[in-house]
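# Observations on the three-dimensional arrangement
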Amino acid sequence: GASFAERRARLRALVASGPTTVALGATDALSAKLIESHGFDCVYIGSYATAASRYGLPDTGLLTLDDLVAQARTIANAVRVPVIADAEGGFNDAANIWRTVQGFEQAGVAAIHIEDHAFGKHADVPQKLRPIGEMAGRIRAAVDAREDPHFMIVARSDANWVAGDLEDTVHRLQAYADAGNPSRLLMFLARW
């Protein structure tokens, strides 16, 4: 089978190729193998699937970094296609997010997504988003923490879902994209 490094390079090439890449969600190693056997190019594992399949719990923010990394490792070891994993909000501030990146990278996944939802997803509590600067700092630090340059860091914004504000969502995603690519950020600042 393909090494984890080869899978990361394959996912990066898939994303760069242009068409939308379909990543069906797996709940466990068996469902990941079924997704792969039907010819899909990659597999996704989310926190909701992990909470439900591994612990029989709703996705209310109770899972730890170690819980999600363990499930991602099981799935990455079961298939030969790239695995994209949900890393929630990163679990750590920018100074310590290297631990999150290291955990998922060592688990063999090809990419993680980090979201700006601060707390309350799937729970009956007020929904909150992280401030843009804090989230951009997490993305910048996560990109810097990678050992394999093909390991992808995906920024996700829940601003439209939480507040119904598409304009804020686009603004947030642009800030996160700029944070993930320092040379682009420097070019943008140079235009001012």
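Small disclaimer: the values here were computed from a predicted structure and weren't measured.

Below, the discussion takes up the sheet that holds strand β1 (residues 23-26). Strand order in the open sheet formed by 5 strands is β1-β2-β3-β4-β7, with parallel pairing between adjacent strands. Across the chains shown, the open sheet's two edge strands, defined by having one partner strand only, are β1 and β7 (152-156). When the angles between neighbouring strand axes are averaged without regard to direction, this sheet yields 25 degrees.

Moving on, we get to the pattern of salt bridges. One pass over the structure, following the stated rule, counts 9 salt bridges. With a closest N to O distance of 3.3 Å, D116 and R172 form a salt bridge. Here R172 lies in helix α8 (residues 166-180) and D116 lies in the loop between β4 (111-115) and β5 (117-119), a separation of 56 residues in the sequence. An identical accessibility class is assigned to D116 and R172; each is buried. When the shortest N-O distance is used, the salt bridge between E134 and R130 registers 3.2 Å. Judged by relative accessible area, which is 15%, R130 ranks as buried. Overlapping salt bridges, with partners in common, bring together E115, R156 and D158 in one network.

Within the secondary structure, S157 sits in the loop between β7 and α7 (159-163). Classification of S157 by relative accessible area gives buried; the value is 14%. Side-chain polar atoms of S157 contact the side chain of D116, separated by 2.8 Å. A polar side-chain atom of S157 sits 3.2 Å from the main-chain amide nitrogen of A159. Excluding its chain neighbours within four sequence positions, the residues that come into contact with S157 are D116, T169, R172, L173 and Y176.

Put simply, helix α3 (residues 47-55) and helix α4 (residues 65-78) touch, their axes get as near as 10 Å, and they point 85 degrees apart. For the element pair α3 / α4, the angle class is roughly perpendicular. Contact residues: S47, T50, S53, R54 and Y55 in α3; D67, L68, A70, Q71 and T74 in α4. For the contact of α3 with α4, a count of residues per class yields 3 nonpolar, 5 polar and 2 charged.

Procedures and definitions
- Residues numbered from 1 in each chain as written.
- Predicted model: local features only at pLDDT ≥ 70, side-chain atom pairs only at ≥ 80, totals over all residues.
- Heavy atoms only, no water.
- Pairing = 2+ DSSP bridges.
- Helix = DSSP H or I, 4+ residues; strand = E, 2+ residues; numbered from the N terminus.
- Axes fitted to C-alpha atoms, helices over the stretch in contact; angles between N-to-C directions.
- Salt bridge = Lys/Arg side-chain N within 4 Å of Asp/Glu carboxyl O.
- Buried < 20%, exposed > 50% of the residue type's maximum accessible area, 1.4 Å probe, protein only.
- Polar contact = N/O pair within 3.5 Å; in protein donor to acceptor, adjacent residues only side chain to side chain.
- Contact = heavy atoms within 4.5 Å.
- Parallel < 35°, antiparallel > 145°, perpendicular 65-115°, else oblique.
- Nonpolar A, V, L, I, M, F, W, Y, C, P; charged D, E, K, R; others polar.

Purely spatial values, then, with no claim about function.
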